[in-house]
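Observations on the model geometry
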Amino acid sequence: MITDLKQKRFCKGTSSFVLVLLAVIILLVGIANYSILVWSQARIIEHEATRVAEVVTSHALSARSVYSTQLSEVPMHFSELPIPSEFLKLVARDVSANNMASYSYTPLSLWNLDSNQGLSDDFQYWAWEQLKTQDQDNPTAPIDWQPVKRFERIDGVKTLRYMVADGANSESCVSCHNAYEQRKDIIDRRVGAGVEPGKQWQQYQLMGALEIQVSVDKIEALASSQSKLTLLLVLIASAGGVLLVGLIIWRDLQKEKETSAFFEQEASFDPLTRLLNRSGMERSAEAALQKSQAMGAGLSVLFIDLDGFKPVNDTYGHDVGDELLIIIATRLKAIVRESDIVARMGGDEFLILMEESPESERCHEVARQLISLLSQPILIRQHPVTVSASIGISRSPENGLELSELIRKADQAMYEAKSKGRANYVCYTEAV
């Protein structure tokens, strides 16, 4: 029984461990999926914000290029028109004021011609230095400028700051700006700003830049709501998975309990008569014996052996003998109380254990009833069958306190009864 208990505890513990392990695995998978989703969304947001910046850059530079081409064809008396860099600044101001704050762009340069177009913050100085490292001393073809970018919070709004070089791509642009740098007002501005005056460019060199700012807060808010929904779905799926696994394990445990109970019962009962077998009787009897001793009560053990059973088997066959044993078992249970223990010890031997007071004579009454009842003829398959019973009785506490001792003494008394002519009962005494 101890081994069975340990096995049950081990199985229960193992099932609990498996359930917890599966729950942890499902939870970790859910967290991993959510983390991958958040990471993927961040990459998509960055990619799309960068695409917006690239499109804005392309449109701005294209507009400036068209303007430059058209301006070169304008008669000289229209010279009061803004130069291309000034035109780009005006367009940028108008676009930034009319795009619902989703993006803005600003032309800027270390060698600005307007006080509002100079470098003014940490990002701009840092990005400008990154662009300078890509510049060349004597370029012979347009430089493959790589944009510089990073995310920052501007007035509490997460924003992509994207800077791309605006090189001196046309000779007319180079000539115009080189001439500007020779003017006294420009030289004074450079000196005042701490910038070396007299800058002269070659075609394709770094002259200015465009900074594009793209707000991603609205996109992130939408992505966050989608992530929360996804997380909720993942948690529901994970909880459903854990519940499903738990139900499967619970069902398996129930089946295991039912199977264990079935085999435990089968191991405790005689398959033919459905009475307790020897091992089942011992477990039940030990508990009854301990209870009687604790309460100061007594127990009687009746050891019963059928007289004339072997001839029935030999004459009519084992099928008739089996039916006879089943009928005997039914008669034994009919005489005793529900609280009494009735068992088949093997072959044609039976045992009854009854709780009674030391002064009670009930064991004698039951023995006489059994002898009378079991001696009555029985008709089995048209065959009249007659057997009798020899009964030995031992009592606790006067004949012993241990179950094995009581059974041994009742067995000895039963043989004494057989020796006195059978169909008889004998109580154990020292003389026996």
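Residues numbered from 1 in each chain as written. Predicted model: local features only at pLDDT ≥ 70, side-chain atom pairs only at ≥ 80, totals over all residues. Heavy atoms only, no water.

Topic: the overall build of the protein chain
As a reminder, the rule being used: For the purposes of this entry, the term helix denotes a DSSP run of H or I that reaches at least four residues, the term strand denotes a run of E that reaches at least two, and both are numbered from the N terminus. Per-residue accessibility, obtained with a 1.4 Å probe over protein chains only, is compared with the maximum for each type, and a residue is labelled buried under 20%, exposed over 50%, and partly exposed between these values. In what follows, residue pairs with any heavy atoms lying within 4.5 Å of each other are defined as contacts. Only the protein chains shown count as covering a residue, and every accessible area follows the Shrake-Rupley method with a 1.4 Å probe.
Of the regular secondary structure elements, the protein chain holds 11 helices and 11 strands. Residue burial in the protein chain is summarised as follows: out of 432 residues, 38% are buried. Relative to all contacts within the protein chain whose residues are 6 or more apart in sequence, the contacts with residues 24 or more apart total 68%. Accessible surface for the protein chain amounts to roughly 24,400 Å². Of this, 58% is attributable to carbon and sulfur atoms.

Section: the sheet that holds strand 3 (residues 157-167)
Cut-off, in case you're wondering: Two strands make a pair as long as DSSP finds a minimum of two bridges between them. All axes here are fitted lines through C-alpha atoms, helices being fitted over the stretch that makes contact, and every angle between N-to-C directions spans 0 to 180 degrees.
The strand order across the open sheet built from four strands is 1-4-3-2, with neighbouring strands paired in antiparallel fashion. What marks the edges here is a single partner per strand, and that holds for strand 1 (103-108) and strand 2 (148-154). Taken over all neighbouring pairs, the strand axes of this sheet differ in orientation by 25° on average, direction set aside. Taken together, the six bridges between strand 1 and strand 4 (residues 206-215) define a ladder with antiparallel strand orientation. Residue Tyr103 lies in a different strand from strand 4, and its bridge partner there is Val214. In this fold helix 3 (residues 122-132) packs onto strand 1, strand 2, strand 3 and strand 4, with an angle of close to 175° to the strand it touches most, strand 2.

Remarks on unusual backbone geometry
Of the consecutive residues Ser396 and Pro397, the connecting peptide bond is found in the cis state with omega at 15°. The topology assignment puts Pro397 in the loop between strand 10 (388-396) and helix 11 (403-419). The backbone of Tyr204 shows a phi angle near 85°, a positive value even though the residue is not glycine. At Ala423, a residue that is not glycine, the phi angle is positive and equals roughly 50°. In this fold, Ala423 is placed in the loop between helix 11 and strand 11 (425-427). Given the relative accessible area of 37%, Ala423 is considered partly exposed.

Quick look at the packing of aromatic side chains
The test is simple: Think of it this way: a Phe, Tyr or Trp ring, Trp meaning its six-membered ring, pairs with another when their centres are within 6.5 Å, and the plane angle makes it stacked under 30 degrees, edge-to-face over 60, tilted otherwise.
Across all of its chains, the model carries three aromatic pairs by this definition. A centroid spacing of 5.8 Å and a plane angle of 65° characterise the contact between Trp111 and Trp128, whose relative ring orientation is edge-to-face. Taken together, the positions of Trp111 in the loop between strand 1 and helix 3 and Trp128 in helix 3 put the pair 17 residues apart, joining distant regions of the chain. Each of the two residues, Trp111 as well as Trp128, counts as buried.

A look at the pairing of strand 7 (residues 349-356)
With seven of eight residues buried, strand 7 is to be regarded as a mostly interior element. With five bridges joining them, strand 6 (residues 341-346) and strand 7 adopt antiparallel strand pairing. Across the sheet, the residue bridging to Arg344 is Phe350, located in strand 7. A loop of two residues connects strand 6 with strand 7, the two strands running antiparallel in sequence, and Gly347 in this loop sits at a positive phi of about 60°.

Read these as spatial facts, not as claims about activity.
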